[in-house]
Amino acid sequence: MVGTTLKRFLQERNLNVNELSRRTGISPQTLYSIIKRDSMKIDFDMLLRLCEGLDVPVEVFYEACGGRPMAGKLPDLEEWDLVQNYRKLDPHGKRLTQLVIDAELIRTEQTAEPPSAPKTKVIPIYRTPAAAGYASPAFGEDYDDFTVDDSDPADFAFRVSGDSMEPYIPDGSIQKVKRGAIIYDGDVGLFFVDGDMKCKQYCQDYHGGVHLLSLNRDRADADVHIPPSAGITLMCFGKVLLPERVALPDM
């Protein structure tokens, strides 16, 4: 076991835990834990530091674990062969090998592919203040570019100015819209009503009338009711993409 082997080498070399801690940078508390908890697993970096501090080959601790893997990735058979061959080299060979390794590490870092940047897309965000209840036109050239994740279903965005949709759609917030989405009862959409744009919650009654509701029920005065025979032009420019569905109020 690792703890038993560590304790044996400390005794053989007449070393105490504090001196080994100074040599390896491993805290005395950790070293005491390894000795006390004989089956405690250690990672390979700590194993190398122990071997360097005790001046013993790494195989000693590997064999002490009965050949079982320790925490972290141990060298495979090919890598163990490289270690053994490295030890057979004279000082000149070891220096030359280290130079080659250093050069290859630099080459690998320089040729490594950089992490891929998240894919994005650009949608328009309309400049004219879009009131929650009195929104800006959703078409035209009065817009800026707005970057979103490539997987975002939004087709355009607008900035809200008004409190009739709070707290779900705060005054001044940017809201994203999916153009052409099917609107169901309870969905929030951007509607064109007889020349005005309105951001409202949609509901249709049993008589075929349409209700465009304020989510802020203290602003029920901004609700719009369109009877089926009213002859009012109503068009939906898109569904507002909220993080959660808002229940319809009692009417």
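Residues numbered from 1 in each chain as written. Predicted model: local features only at pLDDT ≥ 70, side-chain atom pairs only at ≥ 80, totals over all residues. Heavy atoms only, no water.

1. Re the pattern of salt bridges
Phase 1: Counted by the stated rule, this structure contains 12 salt bridges.
Phase 2: Among the salt bridges present, the one from Arg22 reaches Glu19, with a minimum N-O distance of 2.6 Å. Here Arg22 pairs with Glu19, and both are found in helix α2 (residues 17–24), just 3 residues apart, close to one helical turn.
Phase 3: The class for Glu19 is partly exposed, based on a relative accessible area of 24%. (Salt bridge = Lys/Arg side-chain N within 4 Å of Asp/Glu carboxyl O. Helix = DSSP H or I, 4+ residues; strand = E, 2+ residues; numbered from the N terminus. Buried < 20%, exposed > 50% of the residue type's maximum accessible area, 1.4 Å probe, protein only.)

2. Considering the environment of Arg23
Phase 1: Secondary-structure assignment places Arg23 in helix α2.
Phase 2: Among all residues touching Arg23, those that are not within four sequence positions of it are Leu15 and Gly53. (Contact = heavy atoms within 4.5 Å.)

3. Observations concerning the nonpolar core
If you look at soluble globular proteins, the nonpolar side chains tend to sit buried side by side.
Phase 1: Core analysis: the largest hydrophobic core is formed by 22 residues, its most contacted members being Leu6, Leu54 and Phe61.
Phase 2: Considering each element in turn, this core owes the most residues, 6 residues, to helix α4 (residues 44–54). (Core = buried A, V, L, I, M, F, W, Y, C linked by side-chain atoms within 4.5 Å.)

4. Considerations on the packing of aromatic side chains
Phase 1: Considering all chains together, one arrives at 4 aromatic pairs under this definition.
Phase 2: With centroids separated by 6.0 Å and ring planes inclined at 20°, the aromatic side chains of Phe191 and Tyr202 adopt a geometry described as stacked. Of this pair, Phe191 sits in strand β5 (residues 188–193) while Tyr202 is found in strand β6 (residues 196–204), placing the two residues 11 residues apart along the sequence.
Phase 3: Accessibility expressed as a relative area gives 13% for Tyr202, which makes it buried.
Phase 4: Each member of the aromatic cluster is reached from another via a ring pair, and the members are Tyr126, Tyr143 and Phe156.
Phase 5: Above the plane of the ring of Phe9 lies Arg8, whose end atom (NZ or CZ) is 4.7 Å from the centre. (Phe/Tyr/Trp six-rings, centres within 6.5 Å; stacked < 30°, edge-to-face > 60°. Lys NZ or Arg CZ within 6 Å of the ring centre and 35° of its normal.)

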